[in-house]
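Spelled out from the first residue to the last, the chains are:
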Amino acid sequence: MAARGHVQDPNDRRLRPIYDYLDNGNNKMAIQQADKLLKKHKDLHCAKVLKAIGLQRTGKQDEAFALAQEVTALEPTDDNSLQALTILYREMHRPELVTKLYEAAVKKVPNSEEYHSHLFMAYARVGEYKKMQQAGMALYKIVPKNPYYFWSVMSLIMQSISAQDENLSKTMFLPLAERMVEKMVKEDKIEAEAEVELYYMILERLEKYQEALDVVRGKLGEKLTSELQSRENKCMAMYKKLCKWPECNALSRRLLLKNSDDWQFYIIYFDSVFQLIDKSWTPPAEGEHSLEGEVHYSTEQAVKFVEERITEEAKRSRPLRGPYLAELELIRRLRHRGCSDEYKLGDPEELMFQYFKKFGDKPCCFTDLKVFVDLLPSSQCAKFIGQLLGIIPLSAPAEGKLALPADIKALQQHLCVVQLTRLLGLYHTIDKKQKLSVVRELMLRYQHGLQFGKSCLKTELQFSDYYCLLAVHLLLDMWLEAGEEMAVWQSLTLLEEGLTHSPSNAQFKLLLIRIYCMLGAFEPVVELYSSLDAKHVQHDTIGYLLTRYAESLGQYAAASQSCNFALRFFHSNQKDTSEYIIQAYKYGAFEKIPEFIAFRNRLNTSLHFAQVRTERMLLDLLLEANISTSLEESIKSMSLSPEEDDIPWKDLHDNRDLTVLFNWDPKDRDISEEHRKQSLEEETIWLQIRSLTLRLVSGLPTLSHTVHPKNSEKTAENGVSSKIDTIRSLLQQLETAVDSGKQFLEQKIQYPVLGPPPTRMAGFFSNGSCQCQTSLFYLVSDIYELDTSGLEDSTEIQERIGNSFKTLLEQLTDLFSKCKGDLMEVRDGILKTHPNVLENLVFFVETMSITLWVSSYCDSVLRPFKSSLQKRKKKKKETSVVMPPVFTSFLDYVTELQTLTSNVIDHIKGLEIILTALKLEELSIDDTLLSQEEKKFTKTVQGKVQSSYQHSIQEIGELLKKRLDTIKKLKI
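Remember, predicted model here, so these are calculated numbers, not experimental data.

(A) Structural view of the overall build of the chain. Each helix and strand in the chain was counted, giving 41 helices and 2 strands. Overall size of the chain, expressed as C-alpha extent along the three principal axes, is 120 × 90 × 60 Å. Looking at the 972 residues of the chain, the share that counts as buried comes to 54%. Residue pairs in contact within the chain that sit at least 24 positions apart in sequence constitute 72% of those at least 6 positions apart. Split by element, the accessible area of the chain, about 44,300 Å² in all, is 50% carbon and sulfur. Charged side chains of the chain number 123 positive and 135 negative; the gap between the two group centres comes to 5 Å.

If you want it as structure tokens, here you go:
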């Protein structure tokens, strides 16, 4: 609860029990205690607010809000009430109400520093930058402290950042902020480093780079002390902006003389040298080369400088890596420029060999050399690997046995060579038999390496884990490129075994998640993802590995839970970021405030956020909305509207981390920038299709309240005609998105083995779901037309509707045919899986649900027509009134729909029986690659996949039974 220790309120003793109950989560007792207190002290406002907090936390939001508003209307000024109301409004996600609270308090107590600062922070929570500026200045006038003045200045910068008009930002907000700071500089009132940082930020945004440089190099710059090399880094940034390459070069050279391992300065040093060479720069005849001292402006000087750094390092007992890598970087740049001077530094192959000798026992050696392997001619790769293997101290092998490392250093060296072997593409050129031999060798090395990690804690990784991962990557190549089904079971086996030795290895878990999902088994994935213990932004960057497969594999309850998990993070982002911003103001970390706001905006416009939100709403409708009335209720509770599109299409950010899975593939097989763009395009098209489907479904209940042609003048008034126009417009947009999707799939893009997972779009088109769902929405338009024109003059429309019913049944039957086949089968002693059957069944259920909602709309239109015909029949006392053909068509269609759904349910029961009858324990695993111990893991992983399929089939079957019950009620 609110910090209340410092508040010396006479009522504090009375309120304490309520605070304690709320802190302990005993909300009911808190409400009772508050009621008791209010009987004796009716005007104790804080007790009312604390009661409201209790009500809010027990789900009685309306009562809580009414009580809070009652107290707010009294404009309280006691600290207890204000703090409690602040907590309540934050829990209600209504931070804008806190501003009104403190605005009233400030009017009543105009000289309160505390209330003014609370008002400023309340404005900060809702991003009212103009009011923040005013509140900051009002606070400074009451209490002339520097931080308050600079709060106001920072608020001006925030106005400039959020301004739509960039010209306004640079001509009004930033110059005003600059003048405010200059006033303090002239009066010599600058006290803190944060104030200098703010001045620097303003000048940088105004592109006054020379003035910013003067500030950093001058007296004010002496205050920049909190970060190591803070002044130097800022000077370097300004020199680069001003293209002062001599200064850049001299400063980076000077900093490298201090610390020859700082890689960022090598990059700046090389950049500046080549800039000076390109500009044919020469030093002045007299005086210093530059403001920062001596400048290097030729290749010879750069070569000499790097060699001097290496000579210095050679004298150390523990040399640093920077100078040796700088040598390779310089060769790479010289080669890229076509310079003939690279020979002066030596042969890259020999330099990398020497680097390996010095640093090969460090885990970072591979990532260091990875950047430079393209300096090796492809014809020399095998020779280079042989050279490296030749210097690793391995034990002398007995006949037919492997030469194994005797200690951790030798193991790290060998592991580095194995990683380089894959990176250089040597494993991709060998045949299946050789690959299996390599896998066997890697696993033996993995098993042997476990002895070095016997004392490791559960949270630590085994030294030999990478052997296991590399073996799995080879097996995945065999599965995904050559279709070897046995390889996937072997890879799962090795990963599950690896996880028993390294329970905290995230790479094992991520690979297991990916492979299980590719096999269509979602059940084991939920627990694996949970054990990753993803933190904060990781729900956005790696959450796609889970949510991409959540709904598509038929485990609806788990899918709903996964989506909720992701959405909880996105929804809390808004509140959490506001708190970070407030802390940044309090502690003067002004440069972080724009970063926090950019971070918040990036999450709000996240592609993953939009996908999860859309899929979650479709999933909720699928699970909860059975008939049109419940569909309407569900749509209302979600505040869905067909007219509103809240996805920021132009600003969507792809925050997915597509390199989260370790990868040792050569560049031509790795994830390229092109793959990222293609994946984003695919994801965006699929999101458009899903979003438009959701909006079309949300438009169905709005059409159910139509009027007949006699009252057609009122039609435009009540908005129904505009509703059908919206549906037709959305349908056109859907057609466009579908065409874009088909064009995209025609490119037949193949992502790398562990690249971005493809969307469900290919299956959506190939199994006929797309055509079927589109037909359903066109049927809605025809039914609406029948509703508004009446039965008398609608023979053509009735005929069209009748044909649509027949076409729909054909399309649904065709979709069902794609759902046939076994999910698991044993062929030639190998267990084979067919996850596409499961995906097609999920699409069938979804399409059947939309069919049902549309049919329910048809029913709501045709039922009144039938009633009026029967009334007319009684009135005229006719024995037979000819029923219009649309009734017969609809009844036949409903009957056929019922039969088809029953057939699908029977098919699902059949799948269940087959899956249950499949005795995996009796399956003999004829696999020479795995040991007897490892074969037990194979049984386990196959059992997990089987269990997951059973669970999925059961959930799909249950949902279809509900749909069947609803179809039976469709009788006009």
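(B) Representation of the pairing of strand β1 (residues 824–827) within the structure. In terms of strand pairing, β1 meets strand β2 (residues 830–833) through 4 bridges, oriented antiparallel. Bridge assignment links Glu825 to a residue of β2, and that residue is Lys832.

(C) Geometry of the pattern of salt bridges. Throughout the structure, instances matching the rule amount to 52 salt bridges. With its nearest N and O atoms 2.8 Å apart, the salt bridge here joins Arg125 to Glu579. On the criterion of sequence distance, the pair formed by Arg125 in helix α7 (residues 113–126) and Glu579 in helix α29 (residues 556–586) is long-range, its members being 454 residues apart. The burial state of Arg125 is the same as that of Glu579; both residues are buried. Here Asp620 and Arg616 are joined by a salt bridge, their closest N and O atoms 2.8 Å apart. Placement of the pair is Asp620 and Arg616 together in helix α31 (residues 607–624), with a separation of 4 residues, close to one helical turn. Given the relative accessible area of 11%, Asp620 is considered buried. Of the residues examined, Arg616 reaches a relative accessible area of 16% and is grouped as buried.

(D) Up close: the packing of aromatic side chains. Summed over all chains, the structure comprises 28 aromatic pairs. For the pair Phe805 and Phe890, a centre-to-centre distance of 5.8 Å together with 55° between the ring planes defines the contact as tilted. Placement of Phe805 in helix α38 (residues 795–817) and of Phe890 in helix α40 (residues 885–917) is noted, with a sequence separation of 85 residues between them. We classify Phe805 as buried; its relative accessible area is 1%. Judged by its relative accessible area of 0%, Phe890 falls in the buried class. With 4.4 Å between their ring centres and 20° between their planes, Phe805 and Tyr893 make a pair best called stacked.

(E) Quick peek at the confidence of the model for the chain. Per-chain confidence: the chain averages 89 in pLDDT, with 93% of residues scoring 70 or above. With pLDDT under 50 throughout, residues 1–7 is counted as low confidence; its partners more than four residues away or in other chains account for 19 contacts. Taken as a whole, residues 706–718 scores under 50 in pLDDT and shows 14 contacts with residues more than four places along the chain or in a different chain.

(F) Spatial organisation of the nonpolar core. In terms of nonpolar packing, the biggest core is built from 301 residues, with Ile515, Tyr585, Phe590, Ile689 and Phe844 touching the most fellow members. When residues in this core are grouped by element, the largest group, 18 residues, is from helix α39 (residues 835–876). Residues Cys563, Ala566, Phe569 and Val612 belong to the second largest nonpolar core, which totals 8 residues.

(G) Inspection of the side chain of Glu195 at higher detail. Assignment of secondary structure puts Glu195 in helix α11 (residues 193–205). Comment: no salt bridge for buried Glu195; closest opposite-charge side chain is Lys223, at 7.2 Å. Apart from the residues lying within four places of it in its own chain, the contact partners of Glu195 are Asn146, Phe150, Lys189 and Ile190.

(H) Structural context of the packing of helix α12 (residues 209–217) against helix α13 (residues 230–241). Their axes nearest at 9 Å, the elements α12 and α13 cross at an angle of 160°. Judged by the angle between their axes, α12 and α13 are roughly antiparallel. Between α12 and α13 lies a crossing whose hand is left-handed. Contact residues: Tyr209, Ala212, Leu213, Val216 and Arg217 in α12; Arg231, Lys234, Cys235, Met238, Tyr239 and Lys241 in α13. Taken together, the residues of the contact of α12 with α13 break down into 7 nonpolar, no polar and 4 charged.

(I) Here's a closer look at helix α30 (residues 592–604). Taking 1.5 Å per residue as the helical rise, α30 with its 13 residues ought to reach 18 Å, and the 18 Å between its terminal C-alpha atoms agrees with that figure. Regarding α30, the residues found buried are Ile593, Pro594, Ile597, Arg600 and Leu603. In this fold, the buried residues of α30 make contact with α8 (129–142), α9 (146–162), α11, α27 (538–541), α29 and α31.

(J) Molecular detail of the state of the cysteines. Inspection of every chain in the model, using the stated rule, returns 0 disulfides. Looking at Cys381, it has no disulfide partner, and the nearest cysteine sulfur is the one in Cys416, 14 Å off.

(K) Spatial organisation of helix α20 (residues 381–390). Burial in α20 covers these residues: Cys381, Phe384, Ile385 and Leu388. Down the axis of α20, the sector holding all buried residues measures 100°, keeping them to one side. The exposed residues of α20 that point more than 90 degrees off its buried face are Lys383 and Gly390. Buried-residue contacts for α20 involve α18 (348–359) and α21 (408–423).

(L) Inspection of the environment of Asn27 at higher detail. Tracing the chain through its elements places Asn27 in helix α2 (residues 27–40). Under the relative-accessibility criterion, Asn27 is labelled buried at 12%. Spatially, the C-alpha atom of Asn27 lies 7.5 Å from that of Leu55, the residues being 28 residues apart in sequence. Excluding residues that lie within four positions of it along the chain, Asn27 makes contacts with Leu22, Gly54, Arg57 and Thr58.

(M) Inspection of unusual backbone geometry at higher detail. With phi around 60°, His93 is a residue other than glycine that occupies positive phi space. Take His93: its relative accessible area is 55%, and that puts it in the exposed class.

(N) Broad picture of the packing of helix α5 (residues 79–91) against helix α6 (residues 96–108). Contact pair α5 / α6: the axes reach a minimum separation of 9 Å and the direction vectors enclose 165°. One element, α5, and the other, α6, form an angle in the roughly antiparallel class. Helix-helix and strand crossings are classified by hand; for α5 and α6 the assignment is right-handed. Residue-level inspection shows Leu82, Gln83, Leu85, Thr86 and Tyr89 of α5 in contact with α6, the latter providing Leu97, Val98, Leu101, Tyr102 and Ala105.

Definitions and cut-offs
Residues numbered from 1 in each chain as written. Predicted model: local features only at pLDDT ≥ 70, side-chain atom pairs only at ≥ 80, totals over all residues. Heavy atoms only, no water. Helix = DSSP H or I, 4+ residues; strand = E, 2+ residues; numbered from the N terminus. Buried < 20%, exposed > 50% of the residue type's maximum accessible area, 1.4 Å probe, protein only. Contact = heavy atoms within 4.5 Å. Areas by Shrake-Rupley, 256 points an atom, 1.4 Å probe, with all protein chains shown as cover. Lys, Arg positive; Asp, Glu negative; His and termini not counted. Charge placed at Lys NZ, Arg CZ, Asp CG, Glu CD. Pairing = 2+ DSSP bridges. Salt bridge = Lys/Arg side-chain N within 4 Å of Asp/Glu carboxyl O. Phe/Tyr/Trp six-rings, centres within 6.5 Å; stacked < 30°, edge-to-face > 60°. pLDDT = per-residue confidence, 0-100. Core = buried A, V, L, I, M, F, W, Y, C linked by side-chain atoms within 4.5 Å. Axes fitted to C-alpha atoms, helices over the stretch in contact; angles between N-to-C directions. Parallel < 35°, antiparallel > 145°, perpendicular 65-115°, else oblique. Left-handed = near helix turned anticlockwise from the far one by under 90°. Nonpolar A, V, L, I, M, F, W, Y, C, P; charged D, E, K, R; others polar. Expected span 1.5 Å × (residues − 1). Disulfide = S-S within 2.5 Å. Arc of directions from axis to C-beta.

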